Amino acid sequence: MKLRLLSLRAVAALLSIATAALGLLLVLADPLPLQALRHQGFDQYQRWQPRTYEAAPVRIVDIDEASLAKLGQWPWSRDKLATLVTQLGAQGAAAIGFDVVFAEPDRTSPRRASADWALSPEQARSIAALPDNDETFAKAIAQHNVVLGFALRSDTRAATAPPALPNARYRTVWLGEPSPQALHTFASAVPALPVLDAAASGSGALTFVPDTDGVVRRVPLLMALGQTPVPGLSTELLRVAQGEHNLVVRRAEGDAPALAQLRIGQASIPTNAQGELWLHYTEARPERYLPAWKVLAGNADPALLEGHIVLVGSSAQGLLDLRFNPLGRVMPGVEAHAQAMEQVLTQHYLNRPSWAVAAEALAVVLGCVALVWVGVFVPSLWAAATALALVAGALWGGWLAFSNQRLLLDSFTPALTWALAFVLASLCRHFWSERQQRWVKEAFSRYVSPNRVEHLMKNPGQLELGGKRQDCSFIFTDLAGFTSLMEAIDPAQAVSLLNRYLEEMISIAFRHQGTLDRIVGDALAIMFSAPVVQPDHAQRAMDCALEMHAFATAYAREVQGQGIAFGLTRFGVHSGEVIVGNFGGGALFDYRALGDPVNTAARLESVNKHLGTLICASETTLSACTGVRARPVGELVLMGKTQALQVHEPLPDPPPEDYAPIELYQAAYGALRDGDARARECFEQLQALYPGDPLVALYGARLAQNEPGVRIVLSAK
């Protein structure tokens, strides 16, 4: 058992190393399924505790369905947008940002609209003298703090640098080694028209990097066009609104290129390694929006715009600028920029710290090791409770970190790997327990009958004191002369001969599903139909006795051939109702049968000594059997009994050579039983022909002493 325990410890050690390594690999590799699990968990946190809306100087001028209905379909003419900018500037907007890319000239400008018309020279000159819409829009932009948007693309088409770069409206200042490679990198850009860009105070990228499920959880504050950092729309608006020039980027500690913070004027913004801001969404708030038609109509409350950063975007479904957010709702894409700036201005941040992955990896490793050892060595109920507590604690800890500290810590990956480690440990323990059960069963079966072990394992509730009435059959055996043999030969040799004899005899009993009741020296007691009921228990007992007799006879001859006086085996077989169960006390069980049939079977074994036979079976057993050749022994009144028992001698196939033919014996026995005077003559003739037949000799001797009949009263066991 000590070796087995050591082996189990080795298995636990290997399993803990394997699960810890697997968990660590999952944390470091961060496959898409784990990312999805983590993101869904973070989304659930936000659904449980969305950000409380605080009025911040950020407003969205919404090109909504009502505005389109009142002012016409999109795109609107640039002179109308110029009016919008002028109105917003007049209302005191601190900065105006367009969530729109003005990459093409306005098709409604007079010169472009009239290009295909048949005009006279005078008409052409008149139209050419009209102001161009893009120029009108550019003049309005130049008079106010306006940030235009541009799109970043991953392919190399339209590989034009964003206009902000040549005009150098901002400067990127790195604290630490510059690490543009840490940013989301794009190969090309789609900028605004040069005339518009030249007039703007800044240009910001409109590009989001949503997760694989399409949910916008982060807003990139910086991205890279090639190796050049470019700001996002939110970043540029915050810079322009503060009148700043520098974007100060602090690199995270460590060798790997990663960002930790972006400072824009007075705002210090924690970022993830890719320069993104985690969004903590509020519920939908209508006061965040102001319809564009109201601004153009001059009906907007100036208090809603004065000193505000204003974003111009669209919630109209037809313009297809709709995104999914973690709260499970669809929102205009411009709202992600607005909520990002709200968080900056209210200093409300979600932070996934740089040490999070290391802490999660450590938790995974320690938890896997701990739960493997708990799963293998702690009792099952306590182990399950411990695992459940640890997993629940990890999940609860992740929620508390979010709720109280606004930290995004991945408790889902540790919980998943811990659960996996515990399941694997439990399976290991289960298989090991099964292996040990098999070992115990095999070992125990060497002391107790296999069918009894099997029955107890399937019915542990029956391992209790008490018994029940049951019809059973019994075989008692005894090896003649073994005590004398022990004195005559070397004891070690005698024990070796006995062990081989008992092993085969018991194996025969087990093959017939017999239960070993006990071994007393060289004697065996076998019972059938206990503990498992066997309707054919009498047949099993008889077949078993005959097979054991055949082996015992052959074995005795083999050993006798070596010059050792190994005796023959006597058998007694009987059936009847007994009490079967566990007897003894709380400290020790003794499973056995009690009742007269047990004693009778034992007496039938011993009566062979007086009869000269080797097998005696009762009429009760024989009548329940088929295919058994047997001859009657007589009506025996066993010692201590008053009632006679009809007994038979089952015969092997073929019968012993010195036995009288069964037909002749039965004829003589019938005459004796019936009181026929010819019985004596019949037995004398049989005795003369078959002097080695024990029953013929028995009845011949009884008749010679004038003891007629087949009833034999025994005065000894």
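Residues numbered from 1 in each chain as written. Predicted model: local features only at pLDDT ≥ 70, side-chain atom pairs only at ≥ 80, totals over all residues. Heavy atoms only, no water.

Details of the sheet that holds strand β9 (residues 222-225)
Our working definition: By the convention used here, strands pair only if DSSP detects at least 2 bridges between them. A run of H or I in DSSP becomes a helix once it reaches four residues, and a run of E becomes a strand once it reaches two; helices and strands are each numbered from the N terminus.
In space, the three strands of this open sheet follow the order β5-β9-β10, with mixed pairing throughout. Each having just a single partner strand, β5 (185-186) and β10 (228-231) make up the two edges of the open sheet. Relative to β9, β5 runs parallel, the two sharing two bridges. Paired with Thr185 across the strands is Ala224, a residue of β9.

Notes on the confidence of the model for the chain
As a reminder of what qualifies: For every residue, the predictor reports its confidence as pLDDT, a number between 0 and 100. Note on contacts: a residue pair qualifies if any of its non-hydrogen atoms lie within 4.5 Å across the two residues.
Scored by pLDDT, the chain comes out at a mean of 88, with 89% of its residues at no less than 70. Mean pLDDT values over the elements of the chain span from 48, in helix α8 (residues 164-167), up to 97, in strand β24 (residues 615-618). In the predicted structure, residues 1-5 sits below a pLDDT of 50 and forms seven contacts with residues beyond four places in sequence or in another chain.

Brief notes about the side chain of Thr235
Note the threshold: Relative accessibility under 20% of the residue-type maximum defines a buried residue, over 50% an exposed one, and the middle range a partly exposed one, all with a 1.4 Å probe and only protein chains included.
By secondary structure assignment, the location of Thr235 is in helix α10 (residues 233-242). The exposure class of Thr235 is buried, given its relative accessible area of 1%. Excluding its chain neighbours within four sequence positions, the residues that come into contact with Thr235 are Leu221, Leu247, Leu262 and Ile264.

Remarks on the pattern of salt bridges
Two side chains of opposite charge can pair, provided their charged atoms sit close to one another. Basically, it comes down to this: Any Lys or Arg side-chain nitrogen found within 4 Å of a carboxyl oxygen on Asp or Glu counts as a salt bridge.
Applying the stated criterion across every chain yields a total of 32 salt bridges. Linking Arg217 and Asp213 is a salt bridge whose minimum nitrogen-to-oxygen distance equals 2.7 Å. Residue class for Arg217 comes out buried when judged on its relative accessible area of 2%. Looking at Asp213, the relative accessible area reads 35%, which means it is partly exposed. Residue Arg678 pairs with Asp676 through a salt bridge whose shortest N-O separation is 2.9 Å. A residue is classified by how much of its surface remains accessible, and Asp676, at 27% relative accessible area, is partly exposed. Via salt bridges that share partners, Asp43, Asp211, Asp213, Arg217, Arg218 and Glu276 belong to a single interconnected network.

Re the layout of surface pockets
Our working rule: Using only the protein atoms, space was sampled on a 1 Å grid; points where a 1.4 Å probe fits but cannot get out form cavities, open sets with protein on both sides within 12 Å along at least five of seven lines form pockets, and lining residues are those with an atom within 4 Å of a point. Grid points are joined across faces, edges and corners, and a volume is the space filled by probe spheres set on the points. Residue polarity follows a fixed list, in which Ala, Val, Leu, Ile, Met, Phe, Trp, Tyr, Cys and Pro are nonpolar, Asp, Glu, Lys and Arg are charged, and the others, Gly among them, are polar.
Put simply, the largest pocket is a space of about 950 Å³. As for the largest pocket, its lining consists of 38 residues, and the residues nearest its centre are Asn272, Ala273, Gln274, Arg352 and Val357. Every element with two or more residues in the lining of the largest pocket is listed here: α1 (2-29), α2 (32-48), β12 (259-264), β14 (276-278) and α13 (356-377). The dominant element in the lining of the largest pocket, judged by the number of residues it contributes, is α2, at four residues. Residue classes in the lining of the largest pocket are distributed as 17 nonpolar, ten polar and eleven charged.

Looking at the packing of helix α23 (residues 679-689) against helix α24 (residues 694-704)
When two helices pack together, you describe them by how their axes are tilted relative to each other and by the distance separating the axes. Note the following rule: Between N-to-C directions, angles cover 0 to 180 degrees, with each direction set by a line fitted to C-alpha atoms, over the stretch in contact for helices. Each angle gets one of four labels, with under 35 degrees taken as roughly parallel, over 145 as roughly antiparallel, 65 to 115 as roughly perpendicular, and the rest as oblique. Left-handed describes a crossing whose near helix is turned anticlockwise from the far helix through less than a right angle; right-handed describes the clockwise counterpart.
Contact pair α23 / α24: the axes reach a minimum separation of 9 Å and the direction vectors enclose 135°. As summarised for this structure, α23 and α24 are arranged oblique, according to the angle between their axes. In terms of crossing hand, the pair formed by α23 and α24 is left-handed. Taken together, the residues of α24 that come into contact with α23 (itself represented by Ala679, Arg680, Phe683, Leu686 and Gln687) are Leu695, Val696, Ala697, Tyr699, Gly700, Leu703 and Ala704. Across the contact of α23 with α24, the residue classes break down as nine nonpolar, two polar and one charged.

A closer look at the packing of aromatic side chains
We count it as follows: Only rings of Phe, Tyr and Trp enter the pairing, Trp through its six-membered ring, and a pair is recorded when the two centres are within 6.5 Å. The plane angle decides the type: under 30 degrees is stacked, over 60 is edge-to-face, the rest tilted.
This structure, assessed with the given rule, holds 24 aromatic pairs. Note on Phe42 and Tyr45: the rings are 6.2 Å apart at their centroids and 35° apart in plane angle, and the pair reads as tilted. Of this pair, Phe42 and Tyr45 both sit in helix α2, separated by three residues, roughly a single helical turn. Like Phe42, the residue Tyr45 is buried in the burial classification. Centre to centre, the rings of Tyr45 and Trp399 are 5.7 Å apart; their planes meet at 50°, and the pair counts as tilted. Here Tyr45 is found in helix α2, whereas its partner Trp399 is found in helix α14 (residues 380-405), with 354 residues between them in sequence. For the pair formed by Tyr45 and Trp399, the shared burial category is buried. Feature note: the residues Phe42, Tyr45, Trp48, Trp278, Trp399, Phe402 and Phe412 constitute an aromatic cluster, connected by ring pairs.

Overview of the nonpolar core
Selection rule: Buried Ala, Val, Leu, Ile, Met, Phe, Trp, Tyr and Cys residues form a nonpolar core when they are joined through side-chain atoms within 4.5 Å.
Grouped together as the largest cluster of nonpolar side chains are 49 residues, with contacts concentrated most on Leu152, Leu237, Ile269, Leu311 and Ala336. Residue contributions to this core peak at six residues, all from helix α12 (residues 333-346). The contacts of Leu152, once residues within four sequence positions are left out, are Phe186, Ser188, Ala189, Ala205, Thr207, Met223, Leu225 and Val230. Ranked by size, the runner-up nonpolar core spans 39 residues in total, among them Ile475, Phe482, Ile564 and Cys625.

Re the pairing of strand β3 (residues 146-153)
Of all eight residues in β3, six are buried; the element is thus mostly enclosed. The pairing of β3 with strand β7 (residues 202-205) spans four bridges and is classified as parallel. Across the sheet, Val147 pairs through a bridge with Gly202, a residue of β7. Taken together, the three bridges between β3 and strand β6 (residues 188-190) define a ladder with antiparallel strand orientation.

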